[in-house]
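Structural features, examined
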Amino acid sequence: MFNRLSRFAAGIALVAVVASACSSTAATPTVAPATPAPTPVVTPVVTPVASAPASAAAAVVTIKGGITGSVVVIPKNLGNAYFDAGYVGIQKAATAFGGTPSQAAPAKGGDPTAQIPFIQTATTQKAKAILVSAEDATAIAPALTAAKAQGVKVVMWDSNSKPGAYDVFVNQADTAGIGKGLAQMACDTAPSCTGEIAILSAGQTATNQNAWIAAMAETMKDTKFAGLKLVATVYGNDAPADSTAQAQTLIAAHPNLKVIVSPTSVGVLAAAQVVQSKKLIGKVAVVGLGTPKAMQAYILDGTAPEVELWNTIDLGYLAYAVAAGLVSGEIKGTVGEQFIVPTINGGKPYTIGADNTIILGDPLIFNKDNIAQFAKDLPF
Ligand code: RAM
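Here is a short report on the structure shown in this document. (Residues numbered from 1 in each chain as written. Predicted model: local features only at pLDDT ≥ 70, side-chain atom pairs only at ≥ 80, totals over all residues. Heavy atoms only, no water.)

1. Thoughts on the overall build of the chain
Each helix and strand counted, the chain has twelve helices and 15 strands in total. When each of the 380 residues of the chain is scored for burial, the buried share is 56%. Long-range contacts, defined as pairs at least 24 residues apart, comprise 74% of the intrachain contacts of the chain with a sequence gap of at least 6. About 14,300 Å² of surface is accessible on the chain, with carbon and sulfur atoms providing 58% of the total. (Helix = DSSP H or I, 4+ residues; strand = E, 2+ residues; numbered from the N terminus. Buried < 20%, exposed > 50% of the residue type's maximum accessible area, 1.4 Å probe, protein only. Contact = heavy atoms within 4.5 Å. Areas by Shrake-Rupley, 256 points an atom, 1.4 Å probe, with all protein chains shown as cover.)

Written out as structure tokens, the structure reads:
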């Protein structure tokens, strides 16, 4: 298990990673491999392979795309800086791989069925591919399956649906690793790793948040976390107003609360705003997954001492490249398949793993010593 110092060191080392990764989707890409971090943040279950077995090496394709037609991007909801950053990467990818991206999604998160009409419309309009972040894995699965049956390539990104309902899931980072990171941040910021903590999540059925919360709970079975007591888990639906109200309620209901853990960029920002405005800095810490630019002020003033995320621009770029590869037929989306996406991952191949999943990479840790650089490199 990493300690606070080693996580800090990893965060600093990752400045180089992010600078490289960010430039990877720029018009003139830098393809030099990033300097490896001395202490990895997590140990990914499935990582892009460093060297493929000789027999499989010939099968590695380099995605070129060259597609035409519509690619519909369906995030959980519109108006979220996180998904807007993903869409920046998607638009960059469209200039490299072809196709015409557009975004269509519910105005607000939290409704398990709200994405279904957007999936159905894209299917009716014969989109070549859809890129979906699931608000609810189960509710949208039949609409995704119907889209696939009509020849639409279905790429999940950020938050997954049910295996079988999609072609490939582009996961941002190893799920267990994100859960460990959340537990560790709570431990780092609670006094001597003790006291009451609460979770402010996104939608109640969000696949990604629920998987991360479960992984966090698994990590906290370790005796190292025995002093932490989870007193509540609440849901702000990735809506700023709902998230603010939930953070206020948590603080009022739990006067001994030491940490709010928010595994959502909308929730962590709302929680930080509430803690800062109530002058509770140093009494209630906010940690979680947040966008660097929005969280910078709160990281610097100590409201949110540690926050994690990944290069969301690269996540969108990679997801679109996968969609283009599926549409062009360069890849089929089968487990074990390997492919290279030029400018991403230092030219190393990705391998489609269990549940047709690939992983972008390790999350990045933001703290007061590195946030200025991250906020510059990742302007979202
Ligand atoms: C919110 C969304 C998204 C999640 C990020 C961290 O923007 O819930 O799905 O990945 O937070």
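2. Some details on the pattern of salt bridges
Opposite charge on two side chains permits them to pair, given that their charged atoms come into close proximity. Across all of its chains, the model carries three salt bridges by this definition. For the salt bridge of Lys-108 with Asp-242, the shortest nitrogen-to-oxygen distance reads 3.2 Å. Of the two residues, Lys-108 sits in the loop between strand 3 (98-103) and helix 4 (116-124) while Asp-242 sits in helix 8 (residues 240-253), which places them 134 residues apart along the sequence. Here Asp-242 falls in the partly exposed class, since its relative accessible area comes to 24%. Here Glu-218 ties to Lys-221 by a salt bridge, and the two come within 2.9 Å at their closest N and O atoms. Note on Lys-221: relative accessible area 63%, which makes it exposed. (Salt bridge = Lys/Arg side-chain N within 4 Å of Asp/Glu carboxyl O.)

3. Let's talk about the nonpolar core
Within soluble globular proteins, side chains that are nonpolar tend to cluster in buried spots. The biggest cluster of nonpolar side chains holds 89 residues, and the ones touching the most others in it are Leu-131, Val-170 and Val-322. With eleven residues, the top contributor of residues to this core is helix 11 (residues 312-328). (Core = buried A, V, L, I, M, F, W, Y, C linked by side-chain atoms within 4.5 Å.)

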